[in-house]
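Chain residues, written in single-letter form:
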Amino acid sequence: MRIFSVANILRFLFLILSLYGFIVFLRPVFIGILNFGNAVGMLFFAVSALVCIFWPSFTRLISRLMSKRMGKIGVIGFLILVVVCFVWATVLSVIMIRNIRSEALQRSTVIVLGCKVNGEEPSLALARRIDAAIEYLEKYPESVVIVSGGQGPDEGISEAEAMRRRMTVQGIAPERIFMEDQSTSTYENLTFSMQIMKDMNLRDDTIIITEGYHLTRALYMAESLGMDAQGLSAKTVRWLLPTAWVREWFALTASYLSI
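The written sequence of each chain sets the order in which its residues are numbered from 1. Selection of residues for local features in this predicted model requires a pLDDT of at least 70, selection of side-chain atom pairs for listing and counting requires 80 or more, and totals for whole chains, interfaces and linings are taken over all residues. Each side-chain value is worked out from all heavy atoms of the structure, with water and hydrogens disregarded.

K.L.:
Talk me through the environment of T90; I want residue IDs and the actual numbers.
P.N.:
Only DSSP runs of H or I covering at least 4 residues are called helices, and only runs of E covering at least 2 are called strands; the numbering of each starts at the N terminus. Looking at the secondary structure, you find T90 in helix α4 (residues 69-101). For T90, a relative accessible area of 36% translates into the label partly exposed. Here the alpha-carbon distance between T90 and G37, two residues 53 residues apart in the chain, equals 15 Å. Buried means the residue's accessible area, taken with a 1.4 Å probe over protein chains only, is under 20% of the maximum for its type, while exposed means over 50%, and partly exposed covers the values in between.

Dropping the structure here:
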């Protein structure tokens, strides 16, 4: 067997790609992030690496399965499932990208969706949502903002309070900021914010600010609640994006099935 055959070179390249992909999805684990996104990503690339390493044995196994009726049904069924999942993930990604690129027009009420707080300081993801909101509020000084997010067991203050503090430090007038500090999910963010809009007689044309990967699900939930909402994408930490993006495929699918 020739070591430097085209097939072996391709196997080596795919192996390197698989190991790189595994590391990309492994990296968030070191800061305490382990979810469907990086679990599925690590599993996919680990399996890909093993297939590359044991390619001859893998092809022999497929050949044996295809020689039997039930084995052939299993292989073809698995391939169909893979194709369906790939197409579905592609469709979701196209929708997500379209919403990320949509233009944010002037709206009366801004809703900033919460994210993790480290102690009393916004996480990097939350800080980027806050910065996007500040930029929007400075551009449209007649708009008001609802900062939405409760306090988790490992957070020193609520997400809403962390956002309020940073916004006031950056020059946003306190009277423009309304706090919703009881929610524990995106759905509650929007539901409880709607109640504040009603109680405070705020106009219902809204702009929802969150990270791009999360925007499609937030807008879908807003639509299901009857909100007149548009979206504005905050920048995402690049090395976290693959994990967040894949996780959102599952979260979006669950939302479409449940709402």
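There is more to say, and it comes next.
K.L.:
Describe the sheet that holds strand β7 (residues 228-234), with residues and values.
P.N.:
Reading across the sheet, the five strands line up as β5-β4-β1-β6-β7 and stay open at both edges, with parallel pairing between neighbours. Either end of the sheet is taken by a strand with one partner, and the two such strands are β5 (177-180) and β7. Between one strand and the next, the sheet's axes are offset by a mean angle of 25°, whatever the strand orientation. Pairing of strand β4 (residues 144-148) with β5, which is carried by four bridges, proceeds in the parallel orientation. Directly across from V145, in β5, lies its bridge partner I177. By definition, two strands form a pair when at least two bridges between them are found by DSSP. Angular values range over 0 to 180 degrees, each being the angle between N-to-C directions of two axes fitted as lines to C-alpha atoms, with helices fitted over their stretch in contact.

K.L.:
Describe the pairing of strand β1 (residues 109-113), with residues and values.
P.N.:
Counting buried positions over the five residues of β1 gives five, a clear majority of the element. The two faces of β1 match: T109, I111 and L113 on one face and V110 and V112 on the other face are all buried. By the bridge criterion, five bridges tie β1 to β4 in an arrangement that is parallel. Pairing of V112 across the sheet is with V147, part of β4. Looking at chain direction, β1 and strand β6 (residues 205-211) are connected through four bridges and run parallel. Across the sheet, T109 pairs through a bridge with T206, a residue of β6.

K.L.:
Please provide a residue-by-residue account of the layout of surface pockets, values included.
P.N.:
In this analysis the probe radius is 1.4 Å and the grid spacing 1 Å, with only protein atoms considered; a cavity is a set of points the probe fits into but cannot get out of, a pocket is an open set with protein on both sides within 12 Å along at least five of seven lines, and lining residues have an atom within 4 Å of a point. Grid points are joined across faces, edges and corners, and a volume is the space filled by probe spheres set on the points. The space that makes up the largest pocket amounts to roughly 1,300 Å³. Along the walls of the largest pocket sit 31 residues, with V40, F44, V82, C85 and F86 positioned nearest its centre. At the level of elements, α2 (36-53), α3 (55-66), α4 and α9 (241-258) are the ones that each hand at least two residues to the lining of the largest pocket. Here the lining of the largest pocket takes 13 residues from α4, the largest share from any one element. Each residue is assigned to one of three groups, with Ala, Val, Leu, Ile, Met, Phe, Trp, Tyr, Cys and Pro labelled nonpolar, Asp, Glu, Lys and Arg labelled charged, and all others, Gly among them, labelled polar. Per-class residue counts for the lining of the largest pocket are 25 nonpolar, six polar and no charged.

K.L.:
Could you give an account of a nonpolar patch on the surface, naming the residues involved and the relevant values?
P.N.:
In this analysis, a patch consists of residues with relative accessible area above 30% that form no salt bridge, clustered at 9 Å for like charges and at 5 Å for the nonpolar side chains Val, Leu, Ile, Met, Phe, Trp and Tyr. All accessibility values rest on the Shrake-Rupley procedure with a 1.4 Å probe; residue burial counts only the protein chains present in the view. Each salt bridge in this description consists of a side-chain nitrogen of Lys or Arg and a carboxyl oxygen of Asp or Glu lying within 4 Å of one another. A contiguous nonpolar patch, built from V6, I9, L10, F12, L13, F14, I16, L17, L19 and Y20 and spanning about 1,000 Å² of accessible area, is present on the exposed surface. Assignment of secondary structure puts I9 in helix α1 (residues 6-26).

K.L.:
Give me the lowdown on unusual backbone geometry, citing residues and values where you can.
P.N.:
Within the chain, N201 stands out as a residue other than glycine whose phi angle is a positive 55°. When you line up the elements, N201 lands in the loop between α7 (186-199) and β6. Classification of N201 as exposed rests on a relative accessible area of 69%.

K.L.:
Explain the packing of aromatic side chains to me, and be specific about the residues and the numbers.
P.N.:
Only rings of Phe, Tyr and Trp enter the pairing, Trp through its six-membered ring, and a pair is recorded when the two centres are within 6.5 Å. The plane angle decides the type: under 30 degrees is stacked, over 60 is edge-to-face, the rest tilted. Tallied over the full model, the rule gives seven aromatic pairs. Each ring, one from W88 and one from Y256, has its centre 6.3 Å from the other, and the planes form 70°; the classification is edge-to-face. Of this pair, W88 sits in helix α4 while Y256 sits in helix α9; the two residues are 168 residues apart in sequence, bridging distant segments of the chain. Placement of a charge over a ring requires the Lys NZ or Arg CZ to be within 6 Å of the ring centre, with the centre-to-atom vector within 35 degrees of the ring normal. Sitting over the ring of W239, R27 keeps its end group 4.3 Å from the ring centre.

K.L.:
Please set out the side chain of D205 residue by residue, giving values where relevant.
P.N.:
Along the polypeptide, D205 turns up in strand β6. Once you skip the residues sitting within four places of it in the chain, D205 turns out to touch R107, S108, T109 and D228. Residues count as neighbours in contact if any of their non-hydrogen atoms are within 4.5 Å of one another.

K.L.:
I'd like a description of the pattern of salt bridges, backed by residues and values.
P.N.:
Pairing is possible between side chains that carry opposite charge, provided their charged atoms lie close to one another. Scanning the model with the defined rule gives nine salt bridges in all. Among the ionic pairs, R164 bridges to E161, the shortest N-O distance being 2.7 Å. Taken together, the residues R164 and E161, both in helix α6 (residues 159-169) and three residues apart, mark about one turn of the helix. Between R203 and D205 there is a salt bridge; the shortest N-O distance is 3.6 Å. Judged by its relative accessible area of 58%, R203 falls in the exposed class.

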